[in-house]
Amino acid sequence: MAPSHVLKCCQKVLAWVPVAFIALVVAWSYYAYVVELCVFTISSTAEKVVYLVVFHLSFFMFVWSYWKTIFTSPASPSNEFCLSKADKEQYEKEERPESQQEILRRAAKDLPIYTTTASRAIRYCDRCQLIKPDRCHHCSACDICVLKMDHHCPWVNNCVGFSNYKFFLLFLMYSLLYCLFVAATVLQYFIKFWTLCHRKAAENCPQNELPDTHAKFHVLFLFFVAAMFFISILSLFSYHCWLVGKNRSTIETFRAPTFRNGPDKNGFSLGCSKNLREVFGDEKKYWLLPIFTSLGDGCNFPTRLVIMDPEQLTVSSQNEPAKSSGANQSFPTRPLSESQNRLLASDSQWVESGPEEENVKSGFCNTFCA
C-alpha cells in the first residue's frame, strides 16, 4: 500500500508521458528529414539549402512555442480575491449556505466580478479558499484556480489559460506549418520510393529512380506521420480560432457564463477585432512570436456591458425602472475602467457623477443581454 505522496509522484511522472512521446516523434522527424532526406536522398545542393533553411525556421518556432506552452505557469487569482482571515474563520464556522453567501457577497462587493453560478451564488473555491474572478476555474489536475482557464491539455502537461493561451495557439499554428512543409517537400520522394517498392526487377526501373536504401523507410513513414498530425491538428486549430473570434473559452462553450440577466455565451465578446487583440495584444509585430502580449491581468475582463454608450444607458434607466437584484447578488459598483484594459481606450467613457452614476448602473444592468 503506497503512501499518498508516492502515488502523487507517480501521477506526476506519468503525466509527462504524452509530452515525452511528442518529443520523441519530433526528434525522430528532425533526424529523418535532415539526415535521411536532405543529406542522403536529395542530390541537388540548392534544393538542400532551401529545404534546410525553411525547415529549421519552422522547427525552431514550433519548438519555441511548444516549450512556452509547457513551462509557462498557469496564472492564479491575485490576493484581493482571497478572503480575509476574519471572513475565512467566519465562513468556516457558518453551517447555513445562506449565511456563507452573505459573507461572500460582502467580501466581493468591491471586486470586479460580473458572473455568478447558475443558482446566482458567488463563485467560491473551497479548495483554494478564494472568490473566483470571472472566467476563472479550478483545475483538478493542477489543483489550483486558473485565470481564464480553457482546458487542461495532457499533450503539454499544463493548464491552458490566460498566461499561455497565446502560446498554445501559436503551438498549434506552427505545428500545422511544420507538418505541412514536411509533407509537401517529402511528397515527391515519397512517390518515388513508393514506386520503387512496387518494382520487382531492376530493369523495369527508370535510370533516375532513387536507390533502395534504408532512407526509404524513414521518408515513407515521415510522410504518413506528417499528414496524420496535420489532419488531426487542423480541426483543433480551427476550433480555437473560432473561440478567439467569439472570445470564449472551451469551458464557456459548454457552459455559458451567468451574468445578472442570466447565461450569455457572448457576454465577453467585444467584436472579432478586439477579441483578437485581447489574446495577441496591440502590437502586431509580436503576434507571431511566443512572447506574452495578451491584454489585461487575467482577473478583469471587459464585457459587452462596458462598451455601451452611457447616454443611451441613462435614457434607458429613465424610461425603465431599475430592476432590484435583491440580496442574492453583489456585482461591482462600476465596470472595468478604461485604464485597466486598452481595449476600451477608444470607447465611451464611464460616467461618474453622483446620482447620475446610479442611473447609469441601472440602465447598464437592464439593457445587457437584450
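Residues numbered from 1 in each chain as written. Predicted model: local features only at pLDDT ≥ 70, side-chain atom pairs only at ≥ 80, totals over all residues. Heavy atoms only, no water.

**Q** What is the right way to read the overall build of the protein from this model?
**A** A tally of regular secondary structure across the protein gives 11 helices and 8 strands. Classification of the 370 residues of the protein by burial places 47% in the buried group. The long-range fraction of contacts in the protein, counting pairs at least 24 apart against all pairs at least 6 apart in sequence, stands at 67%. (Helix = DSSP H or I, 4+ residues; strand = E, 2+ residues; numbered from the N terminus. Buried < 20%, exposed > 50% of the residue type's maximum accessible area, 1.4 Å probe, protein only. Contact = heavy atoms within 4.5 Å.)

**Q** What is the right way to read helix H2 (residues 17–39) from this model?
**A** For an α-helix, 3.6 residues make a turn, and residues three or four places apart therefore share a direction. Counted at 1.5 Å a residue, the expected span for H2 with its 23 residues is 33 Å, and the 31 Å between its end C-alpha atoms agrees. Along H2, the largest kink reaches about 25 degrees and is centred on alanine 32. What H2 keeps buried is the set Pro18, Val19, Ile22, Val25, Val26, Ser29, Ala32, Tyr33, Val34, Glu36, Leu37 and Cys38. (Expected span 1.5 Å × (residues − 1). Bend = angle between axes of the 7 residues up to and from the residue.)

**Q** Whenever I open this one, the packing of aromatic side chains confuses me. Can you help?
**A** For any pair of aromatic rings, the description rests on two quantities: the centre-to-centre distance and the angle between the ring planes. Enumeration over the complete set of coordinates arrives at 28 aromatic pairs. Between tyrosine 51 and phenylalanine 181, the ring centres sit 6.3 Å apart and the planes meet at 85 degrees, which makes this aromatic pair edge-to-face. Placement of the pair is tyrosine 51 in helix H3 (residues 45–71) and phenylalanine 181 in helix H6 (residues 165–197), with a sequence separation of 130 residues. We note that tyrosine 51, like phenylalanine 181, is buried. Through successive ring pairs, a cluster of aromatic residues spans Tyr30, Tyr33, Tyr51, Phe55, Phe59, Phe62, Tyr66, Phe168, Phe171, Tyr178 and Phe181. In this structure, arginine 135 packs its charged tip against the face of phenylalanine 268, placed 4.5 Å from the ring centre. (Phe/Tyr/Trp six-rings, centres within 6.5 Å; stacked < 30°, edge-to-face > 60°. Lys NZ or Arg CZ within 6 Å of the ring centre and 35° of its normal.)

**Q** Even after reading the chapter, I still don't get the side chain of aspartate 150, so can you show me in this structure?
**A** Locating aspartate 150 in the fold gives a position in the loop between strand S4 (144–146) and strand S5 (151–153). For the buried aspartate 150, no salt bridge is present, and the opposite-charge side chain at shortest range is lysine 148, 7.5 Å distant. A polar atom in the side chain of aspartate 150 sits 2.5 Å from the side chain of histidine 151. For aspartate 150, the contacting residues outside a window of four places in its chain are Val160, Gly161, Tyr165, His240, Leu243, Ser249, Thr250 and Ile251. (Lys, Arg positive; Asp, Glu negative; His and termini not counted. Salt bridge = Lys/Arg side-chain N within 4 Å of Asp/Glu carboxyl O. Polar contact = N/O pair within 3.5 Å; in protein donor to acceptor, adjacent residues only side chain to side chain.)

**Q** Teacher, can you tell me more about the environment of valine 279 here?
**A** Here valine 279 shows up in helix H9 (residues 272–280). Measuring from C-alpha to C-alpha, the distance between valine 279 and serine 163 comes to 9.9 Å, with 116 residues separating the pair along the chain. If near-sequence neighbours (up to four positions away) are discounted, valine 279 is found in contact with Lys148, Tyr165, Lys166, Leu169, Val244, Thr293 and Ser294.

**Q** In this structure, what is going on with the pattern of salt bridges? I would like to understand it.
**A** Close approach of charged atoms allows side chains of opposite charge to pair. Per the counting criterion, the structure on display carries 6 salt bridges. Ionic pairing is found between aspartate 143 and arginine 127, a salt bridge with its closest N-O pair at 2.9 Å. Of the two residues, aspartate 143 is situated in the loop between strand S3 (137–139) and S4 and arginine 127 in the loop between strand S1 (124–125) and strand S2 (130–131); the sequence distance between them amounts to 16 residues. Of the residues examined, aspartate 143 reaches a relative accessible area of 35% and is grouped as partly exposed.

**Q** What is the right way to look at a nonpolar patch on the surface in this model?
**A** On the surface, Val49, Val50, Val53 and Val54 cluster together into a nonpolar patch covering about 330 Å² of accessible area. Inspection of the secondary structure assignment puts valine 53 in helix H3. (Patch = residues over 30% accessible without salt bridge, like charges linked within 9 Å, V, L, I, M, F, W, Y side chains within 5 Å. Areas by Shrake-Rupley, 256 points an atom, 1.4 Å probe, with all protein chains shown as cover.)

**Q** Just to check I follow, could you spell out the packing of helix H7 (residues 215–246) against H9 for this structure?
**A** Geometry of a packed helix pair, given as the angle between the helix axes and the separation of the axes. Orientation of H7 relative to H9, taken along the N-to-C sense of each, is 110 degrees, at an axis distance of 7 Å. For the element pair H7 / H9, the angle class is roughly perpendicular. Residues Val244, Gly245 and Lys246 of H7 form the contact with H9, whose participating residues are Cys272, Asn275, Leu276 and Val279. Its residues assigned to classes, the contact of H7 with H9 shows 4 nonpolar, 2 polar and 1 charged. (Axes fitted to C-alpha atoms, helices over the stretch in contact; angles between N-to-C directions. Parallel < 35°, antiparallel > 145°, perpendicular 65-115°, else oblique. Nonpolar A, V, L, I, M, F, W, Y, C, P; charged D, E, K, R; others polar.)

**Q** Mind showing me how you'd approach the nonpolar core here?
**A** In summary, soluble globular proteins display a tendency toward joint burial of nonpolar side chains. By size, the foremost hydrophobic cluster in this structure holds 48 residues, and its most contacted members are Tyr33, Phe55, Tyr165, Val182 and Val186. The leading source of residues in this core is H6, at 17 residues. Setting aside its immediate chain neighbours within four residues, tyrosine 33 contacts Cys38, Tyr51, Phe55, Phe181, Val182, Thr185, Val186 and Leu222. Within the second largest apolar cluster, 23 residues are counted, among which are Tyr124, Leu130, Phe162 and Cys299. (Core = buried A, V, L, I, M, F, W, Y, C linked by side-chain atoms within 4.5 Å.)

**Q** Looking at this structure, I do not really get the packing of H2 against H7. What am I missing?
**A** Where H2 contacts H7, the axes come no closer than 10 Å and their chain directions differ by 130 degrees. The angle between H2 and H7 falls in the class oblique. Seen along the crossing, H2 lies across H7 with a hand that is left-handed. For the pair H2 and H7, the contacting residues are Ile22, Val25, Trp28, Ser29, Tyr31, Ala32, Tyr33, Glu36 and Leu37 in the first and Ala215, His218, Val219, Phe221, Leu222, Val225 and Phe229 in the second. (Left-handed = near helix turned anticlockwise from the far one by under 90°.)

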